[in-house]
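Coordinates in review
Take a look at the letters that make up each chain.
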Amino acid sequence: MQGITKALRLHGRQLRHTVLQHMNKGIFSWATLISRIQSESPTVIIPHMGLENITVSQILEAKGEAEAGAVYWCDTSNLVHEAVKHMTAHNVGALVVLKSGDMKQLAGIVTERDFARKILLPRRPSEEIRVEDIMTEEDKLITVSTSTNILRAMEVMTDKHIRHVPVFDEKVVGMISIGDVVRAIVDQQHQEVKQLKKYIRGDYY
């Protein structure tokens, strides 16, 4: 019962820093974040188990990305405008970049920020530039595994100043974002509050 309280007490400052850091970059806002949490997660998505027990695997399952074929990706040879259309179609902010479509051959990651900074601002033609020219390459790529704890994932994303992290278990199995992390934390806190209210009312014996 006290697991999430302890976790938030130990990591609350880091969580606030993470959210503020990412929300203040002009792409997201607090209103957008709350709106997304309410619209994408109106009900409980992960059973109450405490943040210290939640792994990336639970987040992927809650997102419906634990099943085969649920990973959004593109090839290094794809044109940038094709990748952006793919992101828009699936309402995602990043794509895993693969070598020749092989899920075991991770080449990098391409994000909305890459498109904004490397295509829109310099006014380069997205119809003529390939993904490999603007992506974050494999040697600079940060990944997590399905067994990574959610708090560790949050720490990595904060330290490296990134919003999207590919999940790699010998092959690409998914992607998590800072929004996924925040949503899981809010959801766990909501469930703990409900349990505490039941306890106060005497529903637990």
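Notes on the structure follow. This is a predicted model, so every value here is computed, not measured.

1. Digging into the pattern of salt bridges
Side chains bearing opposite charge may pair, as long as their charged atoms lie close to each other. For the structure shown, the criterion picks out 5 salt bridges. When the shortest N-O distance is used, the salt bridge between Asp-180 and Lys-63 registers 2.8 Å. With Asp-180 in helix H7 (residues 178–201) and Lys-63 in helix H3 (residues 56–63), this residue pair connects regions lying 117 residues apart in the sequence. Residue classification places Lys-63 among the partly exposed positions, given a relative accessible area of 32%. Ionic pairing is found between Asp-180 and Arg-183, a salt bridge with its closest N-O pair at 3.0 Å. Of this pair, Asp-180 and Arg-183 both sit in helix H7, 3 residues apart, which is roughly one turn of that helix.

2. Observations regarding helix H6 (residues 150–160)
All of the buried residues in H6 are Ile-150, Leu-151, Ala-153, Met-154, Val-156, Met-157 and Thr-158. Capping the start of H6, Asn-149 holds a side-chain oxygen 2.8 Å from the backbone nitrogen of Leu-151, two or three residues further along.

3. Section: the pairing of strand S3 (residues 102–111)
Looking along a regular strand, one sees the side chains alternate between the two faces of the sheet. The pairing of strand S2 (residues 94–99) with S3 spans 6 bridges and is antiparallel. Along S3, the bridge assignment pairs Lys-99 with Asp-102. In this structure, the hairpin formed by S2 and S3 is closed by a connection of 2 residues, where Ser-100 is found at a positive phi of approximately 60°. Sheet topology places S3 next to strand S4 (residues 136–137); 2 bridges connect them, and they run antiparallel.

4. Examining the pairing of strand S5 (residues 164–168)
A large share of S5 lies buried, amounting to 4 of its 5 residues. Relative to strand S6 (residues 172–177), S5 is paired through 5 bridges, and the arrangement is antiparallel. Bridge pairing in S6 links Phe-168 to Val-172. Hairpin remark: S5 followed by S6, antiparallel, with 3 residues in the connecting loop; positive phi at Glu-170, about 65°.

5. Concerning the sheet that holds S4
If you walk across this open sheet you meet the 4 strands as S1-S2-S3-S4, and the pairing is mixed. The sheet terminates laterally at strand S1 (73–75) and S4, the two strands that pair on one side only. The sheet contacts of helix H4 (residues 80–90) involve S1, S2 and S3, and relative to S2 the element is tilted by about 130°. Sheet strands in contact with helix H5 (residues 112–120) are S3 and S4, and its direction is about 55° off that of S3.

6. Some words on the packing of H6 against H7
Interhelical geometry of H6 versus H7 gives an angle of 140° and a closest axis separation of 10 Å. If you check the angle between H6 and H7, you find them oblique. Classified by chirality, the crossing of H7 by H6 is left-handed. Between H6, through Ile-150, Met-154 and Met-157, and H7, the contact on the second element is made entirely by Ile-178, Val-181, Ala-184 and Ile-185. Class assignment of the residues belonging to the contact of H6 with H7 gives a composition of 7 nonpolar, no polar and no charged.

What counts and what doesn't
- Residues numbered from 1 in each chain as written.
- Predicted model: local features only at pLDDT ≥ 70, side-chain atom pairs only at ≥ 80, totals over all residues.
- Heavy atoms only, no water.
- Salt bridge = Lys/Arg side-chain N within 4 Å of Asp/Glu carboxyl O.
- Helix = DSSP H or I, 4+ residues; strand = E, 2+ residues; numbered from the N terminus.
- Buried < 20%, exposed > 50% of the residue type's maximum accessible area, 1.4 Å probe, protein only.
- Polar contact = N/O pair within 3.5 Å; in protein donor to acceptor, adjacent residues only side chain to side chain.
- Pairing = 2+ DSSP bridges.
- Contact = heavy atoms within 4.5 Å.
- Axes fitted to C-alpha atoms, helices over the stretch in contact; angles between N-to-C directions.
- Parallel < 35°, antiparallel > 145°, perpendicular 65-115°, else oblique.
- Left-handed = near helix turned anticlockwise from the far one by under 90°.
- Nonpolar A, V, L, I, M, F, W, Y, C, P; charged D, E, K, R; others polar.

These figures capture arrangement, not role.
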